[in-house]
Amino acid sequence: MSTTAFDCKRCGHCCHGEGGIVLTGRDRQRLAEHLGLSVEDMLLRYAEHAGEKLRLRAGEDGFCVFFLQGVGCGVHPGRPDICRAWPYFRGNLVDRASWEMIQSDCPGVASAAGHEAFVQQGVDYLYDNDLVHEPGTETPRALVLTEALKRRRRS
Ligand code: SF4
Ligand code: SF4
C-alpha cells in the first residue's frame, strides 16, 4: 500500500501571487453561485483579464482576493478547478524535478511517498474529481494531461 502523496497543511502559500488562478466557464458559474451573485457581477468584483483568459484578482497583500489570513480559502466550496487540482498539475506529474521543487513551497507534498505514488494518486484524484481538461482558450494548461498520463487512469 502506498503512502499518501499529498495532504494539505492549509499554509496558504499556493494562494499567494498574481495571475495563476484562471477561471473556466464552469469555474465562473460555480463561484458566482457560491457567492450569490450573477456571473457578470462576480467577474466585475473579483476578476480581471489576462490575454484571452480571465483570472482572479489579488489583494494588496499579494494573496488571492478570497484568501483570509489565518483561515484559508474564503470560498472553498466554490473555488476554481485550478485550486482544486493543485499540486497535481501536469508539470509536477510528468517531471520529477518539478515535484521536488514544489516541496519547498507546498508542505503538503509528502516526499517520502515518492514521485511514482504522487503521479498515480494525482491522476486518480483528477479523474475522480472531474478536473481533467481538454485544450482550449480558457483552459488552464496545467490541467491538460499528456496522453501518457491519461493512460494511467484506473478503470
Ligand atoms: S501550499 Fe500546499 S499545503 Fe499549503 S495550502 Fe497550498 S496546497 Fe495546502
Ligand atoms: S480561490 Fe481560494 S484556494 Fe483558490 S487561490 Fe483563492 S483563496 Fe486560494
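The model shown is predicted, which means the values in this text are computed figures rather than measured ones.

Notes on the environment of Glu40
Positionally, Glu40 belongs in helix α2 (residues 39-46). A sequence separation of 12 residues divides Glu40 from Arg28, and the C-alpha atoms of the two residues are 9.1 Å apart.

Digging into the site of ligand 2
Taken together, Cys15, Ile21, Leu56, Cys64, Phe66, Phe67, Cys73, Val75, Arg79, Pro80 and Cys83 are the residues near ligand 2. Here the shell around ligand 2 is built from residues that sort into 10 nonpolar, no polar and 1 charged.

Thoughts on the site of ligand 1
In the region of ligand 1, the neighbouring residues are Cys8, Lys9, Arg10, Cys11, Gly12, His13, Cys14, Trp86, Cys106, Pro107 and Gly108. Tallied by class, residues from the shell around ligand 1 come to 6 nonpolar, 3 polar and 2 charged.

Side note on the packing of helix α1 (residues 25-35) against α2
Their axes nearest at 9 Å, the elements α1 and α2 cross at an angle of 90°. Compared by their axis directions, α1 and α2 come out roughly perpendicular. Within the contact between the two elements, α1 uses Arg28, Gln29, Leu31, Ala32 and Leu35 and α2 uses Val39, Met42 and Leu43. Across the contact of α1 with α2, the residue classes break down as 6 nonpolar, 1 polar and 1 charged.

Rules behind the numbers
- Residues numbered from 1 in each chain as written.
- Chains lettered and ligands numbered in written order.
- Predicted model: local features only at pLDDT ≥ 70, side-chain atom pairs only at ≥ 80, totals over all residues.
- Helix = DSSP H or I, 4+ residues; strand = E, 2+ residues; numbered from the N terminus.
- Near = placed C-beta within 6 Å.
- Nonpolar A, V, L, I, M, F, W, Y, C, P; charged D, E, K, R; others polar.
- Axes fitted to C-alpha atoms, helices over the stretch in contact; angles between N-to-C directions.
- Parallel < 35°, antiparallel > 145°, perpendicular 65-115°, else oblique.
- Contact = placed C-beta atoms within 7 Å.

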